[in-house]
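Inside the fold
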Amino acid sequence: MTVVCPRRTRRARALPAVVCSLSGALVACGTSHPLPPGTPVVTMGNLNNSPDFFSYIITIDAIELFQADGTGVTPFITPTSVDLAQLNSRTELVEAPAVPEGTYTHAVIQLDWSATTAVTLNQNGVPVSATPQDINGNSMAAASVTVTFDPSHPLVITQQQSVRLQVEFDLTASNQLTASTTVQVQPFAVMTPAPVDSTPLHLRGVYVTNQDVSSGFYMNSRPFYDLSSELGAVIVHTNAQTYFNINGVLYVGAAGLAELPQQQAYQPIAVYGTLGDLSAITPTFNATQVYFGSAAESQLAYYFTGTVGSRSADTFTLRAADYLSPSGLFGYFDSVPVTVASGTPVFLDGVAATGLSIADVSVGQQLLVAGQPIVDSTNNLTGIDATTGFIRLQPTTLWGILNANGTQDLLSLGRFAPAQLNFAGTGSSGHTATPTAYVVDTSAVPPGGPAVMPDELLQVQGRVAPFGGAPPDFTATALTPGTASLQTLVVDWVNGGSAAPFSSNGSGGLVVNLADANLGSIHEIRTGPASLDLKSLPASPLITTTGADQSNLQLAIGSTTLAAGVSVFNSAAAFADAIHADFSGTNKIFRLVAYGQYDSASNTFVAARIHIALHE
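This one's a predicted model, so the numbers in the text were calculated from it and none came from an experiment. (Residues numbered from 1 in each chain as written. Predicted model: local features only at pLDDT ≥ 70, side-chain atom pairs only at ≥ 80, totals over all residues. Heavy atoms only, no water.)

Relative to the elements of secondary structure, Pro154 occurs in the loop between β12 (142–148) and β13 (155–157). Linking Pro154 and Tyr104, residues 50 residues apart in sequence, is a C-alpha distance of 6.1 Å. Ignoring anything within four residues of it in the chain, the contact list for Pro154 reads Thr103, Tyr104, Phe149 and Pro193. (Helix = DSSP H or I, 4+ residues; strand = E, 2+ residues; numbered from the N terminus. Contact = heavy atoms within 4.5 Å.)

Reading across the sheet, the 5 strands line up as β32-β31-β34-β35-β33 and stay open at both edges, with mixed pairing between neighbours. The open sheet has two free edges, formed respectively by β32 (408–413) and β33 (440–441), since each of these has just one partner strand. Summarising the sheet, strand β34 (residues 457–464) and strand β35 (residues 474–481) pair through 7 bridges and their orientation is antiparallel. Paired with Arg463 across the strands is Thr475, a residue of β35. (Pairing = 2+ DSSP bridges.)

Below, the discussion takes up the confidence of the model for the protein chain. Here the protein chain averages 91 in pLDDT, while 94% of its residues score no lower than 70. Low pLDDT, under 50, characterises residues 3–33; the stretch is placed with 81 contacts to residues that sit more than four places away or in other chains. (pLDDT = per-residue confidence, 0-100.)

Okay, the pairing of strand β14 (residues 162–169) next. Extensive coverage of β14 is indicated by the burial of 8 of its 8 residues. On β14, burial covers both faces: Ser162, Arg164, Gln166 and Glu168 on one face and Val163, Leu165, Val167 and Phe169 on the other are all buried. Pairing geometry for strand β4 (residues 39–44) and β14, over 6 bridges, is parallel. What sits directly across from Thr39, in β14, is Ser162. Bridge analysis of β14 against strand β17 (residues 189–193) gives 5 bridges, and the strand direction is antiparallel. In the strand pairing of β17, Gln166 is matched with Thr192. (Buried < 20%, exposed > 50% of the residue type's maximum accessible area, 1.4 Å probe, protein only.)

Attention now moves to the layout of surface pockets. Here the second largest pocket is characterised by a volume of approximately 590 Å³. Mapped by element, the contributors of at least two residues to the lining of the second largest pocket are β14, β44 (589–599) and β45 (604–614). With 4 residues, β45 is the largest single contributor of residues to the lining of the second largest pocket. Grouping the constituent residues of the lining of the second largest pocket by class yields 10 nonpolar, 11 polar and 5 charged. (1 Å grid on protein atoms, 1.4 Å probe; cavity = no way out; pocket = protein on both sides within 12 Å on 5 of 7 lines; lining within 4 Å. Points joined across faces, edges and corners; volume = space filled by probe spheres on them. Nonpolar A, V, L, I, M, F, W, Y, C, P; charged D, E, K, R; others polar.)

Let's shift gears to the pattern of salt bridges. A full pass over the atoms with the stated rule returns 11 salt bridges. Of the charged contacts in the structure, one is a salt bridge between Arg591 and Asp492, with a shortest N-O distance of 4.0 Å. Of this pair, Arg591 sits in strand β44 while Asp492 sits in strand β36 (residues 487–493), and the two are 99 residues apart along the sequence. Three or more residues are tied together by salt bridges with common partners; here these are Asp52, Glu524 and Arg526. (Salt bridge = Lys/Arg side-chain N within 4 Å of Asp/Glu carboxyl O.)

Secondary-structure assignment places Ser174 in helix α1 (residues 171–174). Placed 13 residues apart in sequence, Ser174 and Pro187 show a C-alpha to C-alpha distance of 4.7 Å. Leaving out residues up to four positions away in the same chain, Ser174 has contacts with Gln184, Val185, Gln186, Pro187, Phe188 and Phe590. Within the structure, Ser174 has its side chain in polar contact with the backbone oxygen of Asp170 (distance 2.7 Å). (Polar contact = N/O pair within 3.5 Å; in protein donor to acceptor, adjacent residues only side chain to side chain.)

Turning our eyes to something else, we now look at the side chain of Asp516. Assignment of secondary structure puts Asp516 in the loop between β38 (509–512) and β39 (519–527). It turns out Asp516 is buried and unbridged, and the closest side chain with the opposite charge, Lys588, is 9.3 Å from it. Within the structure, the side chain of Asp516 is placed 2.8 Å from the backbone nitrogen of Asn518, a separation counted as a polar contact. Once you skip the residues sitting within four places of it in the chain, Asp516 turns out to touch Trp493, Ser498, Ala500 and Pro501. (Lys, Arg positive; Asp, Glu negative; His and termini not counted.)

Our focus in this paragraph is unusual backbone geometry. With omega at 0 degrees, the peptide bond leading from Ala470 into Pro471 counts as cis. Position of Pro471 relative to the elements: it lies in the loop between β34 and β35. A cis amide bond links Pro471 to the next residue, Pro472, at an omega of -5 degrees. With respect to the secondary-structure elements, Pro472 resides in the loop between β34 and β35. The backbone phi angle of Asn247 is positive, close to 55 degrees, even though this residue is not glycine. You can see Asn247 is positioned in the loop between β21 (243–246) and β22 (249–252). Although it is not a glycine, Ala320 adopts a positive phi angle of roughly 50 degrees.

Our focus in this paragraph is the nonpolar core. In terms of nonpolar packing, the biggest core is built from 78 residues, with Met44, Tyr56, Ile60, Ile109, Phe169, Met191 and Tyr438 touching the most fellow members. The dominant element in this core, judged by the number of residues it contributes, is strand β5 (residues 53–67), at 8 residues. Val491, Leu519, Phe569 and Ile610 belong to the second largest nonpolar core, which has 30 residues in total. (Core = buried A, V, L, I, M, F, W, Y, C linked by side-chain atoms within 4.5 Å.)

By the definition in use, this model includes 15 aromatic pairs. Plain terms: the ring middles of Tyr225 and Phe330 are 3.8 Å apart, the flat faces sit at 20 degrees to each other, and that makes the pair stacked. One end of the pair, Tyr225, is in the loop between β19 (216–221) and β20 (233–237); the other, Phe330, is in strand β27 (residues 330–339), and 105 residues separate them in sequence. Judged by its relative accessible area of 1%, Phe330 falls in the buried class. Here the aromatic rings of Phe347 and Phe390 are separated by 6.1 Å at their centres, their planes lie at 70 degrees, and the arrangement is edge-to-face. With Phe347 in strand β28 (residues 346–348) and Phe390 in strand β30 (residues 381–394), this pair connects stretches of sequence that are 43 residues apart. For Phe347, a relative accessible area of 10% corresponds to the buried category. Here Arg392 stacks its cationic end above the ring of Tyr291, 3.9 Å away from the centre of that ring. The lysine or arginine in question, Arg609, covers the ring of Tyr595, its NZ or CZ lying 4.2 Å from the ring centre. (Phe/Tyr/Trp six-rings, centres within 6.5 Å; stacked < 30°, edge-to-face > 60°. Lys NZ or Arg CZ within 6 Å of the ring centre and 35° of its normal.)

For the rest of this paragraph, the subject is the side chain of Glu168. Assignment of secondary structure puts Glu168 in strand β14. Overall, Glu168 belongs to the buried group, its relative accessible area being 1%. Among the polar contacts made by the side chain of Glu168, one reaches the side chain of Gln554 at a distance of 2.8 Å. There is a polar contact of 3.0 Å between the side chain of Glu168 and the side chain of Arg609.

This is the structure in structure tokens:
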């Protein structure tokens with residue numbers, strides 16, 4: 001168990017102005033300073049299908065933006081703890097503060113491992129607690145990562161307009177396992193102005209008002225687990241299909257929107273959806289799901305998110321659980337028992353379903369549970385009492401190999417290897433779920449998808465069948481062949497790295513020299529929990545951006561010790577020039593990570609994101 005205390009009294013440096021939203025207008029909150037004229041919409045995430053960690057809790061102390069003349073602003077100033085491992089599966093809209101108009105050339109991110117670290121490795125689906133260390137073998141403390149924007153694509157803050165700024169902490173590029181329970185950390189972060197796209201986002205904060213907003217409302221953003229900050233206004237738009245959970249009462253569309261103004265203002269709210277219009281100083285957000293009040297957070301309950309590891313009657317075990325307390329304590333438990341009752345409300349996120357009950361909580365299901373802590377005589381948490389709380393069933397992912405009879409041989413369910421889950425009681429008498437022949441109902445998957453064949457690796461999203469009701473064991477809402485999913489190419493180097501890691505490199509792509517004497521033990525393409533050794537291929541594959549979305553390339557190289565830190569490029573040609581320059585002297589490579597898809601026919605890995613971490 002790791003517990004993180006709130007750090008509200010700590011400040012990195014003063015903002016030129018603090019902004020909030022009231023009655024549809026930006027106003028100064030407790031300050032007479034002029035209002036800054038533009039808004040960076042800060043989003044954070046590193047979406048991939050091969051997370052290395054169940055938890056990676058650290059503190060972000062500050063994010064600073066600088067212009068070429070050294071003029072700087074700190075839009076993110078309140079230190080806040082975050083589980084970076086969660087950002088492998090979702091992207092967070094963190095804040096939307098107003099800052100001065102200008103062209104910003106670089107940024108500095110201040111990170112702190114010293115007080116809040118909780119690192120849990122995902123070793124083949126098994127949680128293993130690990131200790132982060134620096135390159136000298138000392139406990140990891142604080143670090144500052146400078147990120148230099150592409151000179152041809154800086155961050156431009158324009159008066160009365162918004163612009164998206166995407167921040168990515170690449171845990172795969174930053175961490176190398178040096179012993180069974182030790183990771184060497186060389187922080188690697190990327191920031192780049194990004195287009196508005198269809199990336200699903202999560203935004204939390206407080207509800208303000210619906211005044212002057214057609215089919216929507218104003219909210220102020222609040223990052224991660226922060227309970228006091230208000231870092232910029234966002235206009236949230238809804239439509240006839242938007243799902244609302246308002247203090248445990250479900251609505252859809254206009255009915256939910258009409259209910260919000262009846263609630264008390266400045267209560268917790270969380271929304272899921274996509275970015276909307278950024279042409280004004282207040283960005284807009286298109287919500288598909290809205291959670292208000294106790295459905296999101298409460299001063300009377302603890303909130304835990306994780307995966308059901310086992311169940312017996314009215315008790316189940318929640319695995320890899322992050323939690324937030326009413327006082328702002330934030331932490332991680334590898335395993336915690338939860339007690340429910342027949343009357344405990346159960347909801348299905350995003351679906352206004354009726355008739356759900358605790359029978360719908362089964363092994364492998366990912367969920368959020370709200371309840372009261374059960375503690376022992378020394379005040380250590382020993383369980384959760386959710387008898388008067390509630391449960392929200394959340395989307396769950398499984399990876400499996402399709403068997404000839406249509407069942408699946410599970411590789412992972414809810415991030416866990418099958419051996420880590422106890423399936424007893426999941427099925428009717430004599431029909432307990434069998435991981436090697438897991439029955440998946442695909443009737444709800446929209447038609448027109450790719451054909452799948454036996455022995456094919458599949459990624460499936462959906463929900464686990466009710467406890468005791470299997471088979472089927474799982475109801476799928478989406479199914480993707482592994483070859484069509486997002487894949488990760490990872491290569492590491494040892495002995496201080498290599499100064500010449502590529503047999504060829506240019507604007508057309510990179511080819512890793514697999515015969516390099518300093519090549520490490522990791523040189524693979526990961527598809528979910530499965531991996532393909534690069535040395536098993538006919539030749540080292542070409543890593544290329546050709547075929548990727550050229551309007552959204554994120555190519556980065558560097559380390560914390562270089563003057564430019566991590567340099568980001570948005571074109572293959574500029575990236576190739578940077579590689580040539582960085583490997584023309586004493587620099588050596590630490591890790592290479594690319595995100596995209598492998599084409600076995602051409603032996604190419606097509607990636608829109610390529611990160612080259614150099615040794616510090």
